[in-house]
Amino acid sequence: MSAGEPEAGTHVFDVVSTRDIHVGRILALRLDEVAMPGGTTANREVVEHLGAVAVVAVDDDGAVALIHQYRHPVGARLWELPAGLIDHADEDPLEAARRELVEEVGLAAATWSVLVDIAVSPGFTDEVVRVYLATGLSTVDRVLLGEEEADLVIARVPLPEAVRRVLAGEITNAAAVAGLLAAQAVTTGVVEARPADAPWSGRPTAFERRT
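Residues numbered from 1 in each chain as written. Predicted model: local features only at pLDDT ≥ 70, side-chain atom pairs only at ≥ 80, totals over all residues. Heavy atoms only, no water.

Please set out the pattern of salt bridges residue by residue, giving values where relevant.
The tally for this structure, following the rule as stated, stands at 17 salt bridges. Here D117 makes a salt bridge to R130, at a shortest N to O gap of 2.7 Å. You can see D117 sitting in strand β8 (residues 107–119) and its partner R130 sitting in strand β9 (residues 128–139), a full 13 residues away along the chain. Residues E161 and R165 are paired through a salt bridge, measuring 2.9 Å at the closest nitrogen-oxygen approach. With E161 and R165 both in helix α3 (residues 159–167) and four residues apart, this pair spans about one turn of that helix. Accessibility expressed as a relative area gives 24% for E161, which makes it partly exposed. Here the salt bridges share partners, and the residues they tie into one network are D20, R30, D32, E48 and R210. (Salt bridge = Lys/Arg side-chain N within 4 Å of Asp/Glu carboxyl O. Helix = DSSP H or I, 4+ residues; strand = E, 2+ residues; numbered from the N terminus. Buried < 20%, exposed > 50% of the residue type's maximum accessible area, 1.4 Å probe, protein only.)

How would you summarise the sheet that holds strand β3 (residues 41–49) if you had to cite specific residues and measurements?
Ordered in space as β1-β2-β3, the three strands form an open sheet in which the pairing is antiparallel. On the outer flanks of this sheet lie β1 (15–23) and β3, each paired with one strand and no other. If you compare each strand with its neighbour and ignore which way they point, the axes differ by 20° on average. Relative to strand β2 (residues 27–35), β1 runs antiparallel, the two being bridged by seven bridges. Bridge pairing links S17 to E33 in β2. (Pairing = 2+ DSSP bridges. Axes fitted to C-alpha atoms, helices over the stretch in contact; angles between N-to-C directions.)

Describe α3, listing the residues and the values that go with them.
Turning to α3, its buried residues number three or more, namely L159, A162, V163 and V166. All buried residues of α3 fall inside an arc of 100° around its axis, so they share one side. Residues of α3 that are buried sit in contact with β5 (63–71), β10 (153–158) and α4 (174–187). Looking one or two residues past α3, G169 carries a phi angle of roughly 80°, positive in sign. (Arc of directions from axis to C-beta. Contact = heavy atoms within 4.5 Å.)

Can you tell me about the pairing of β8, naming the residues and giving the values?
Across 11 bridges, β8 lies against β9 in antiparallel orientation. Paired with T111 across the two strands is T135, which belongs to β9. As paired elements, β8 and strand β11 (residues 194–195) share two bridges and run antiparallel to each other. Paired with S113 across the bridge in β11 is P195.

Let's hear about the environment of A185: which residues, and what values?
Among the secondary structure elements, A185 is positioned in helix α4. A C-alpha to C-alpha distance of 19 Å links A185 and E80, two positions 105 residues apart in sequence. In this structure A185 touches V190 and V191, once residues within four positions along its chain are discounted.

Here it is as structure tokens:
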């Protein structure tokens, strides 16, 4: 802890009781009763999620692959990175990222590194997305796996322009916002990316343990 920083809190937020509200294919909703400071308890709704990966794929000309797809919960098409769920507890997240890059934009990459890990909305879900930087791109066959993918639009956008769109509010997907800003910092030499196999201590496990 750096000088001048406040000390960390000491209360232990034990779970007094828990019950499932819904268990689906890719997520579960549970209700936890949590011990609060002062001796009281409070209910907390928690969405368990498998976790996901996303990819900032930058070609030799400095353009990044973006996709435009419909997202039903927000009722709109969003500009996003190639991304997808980690399929099961034993799946290597890097392999999941390789798979999604092929499936969504028909690309393979020779070089991989980790940009950022994002706790998407920790107020109610344990979902975390790991965002990779992929370079040394080559084109491969893309296989459409679902109806939404058939409507997906792919674009190559210069990375500085993608960052401009983030700051203009034109790109709002959390993984895309964080990944593009991080990629700009890495590709301009401000910071170094982590190795592709960097430890991922925050990877969610609650939903995986159910299966």
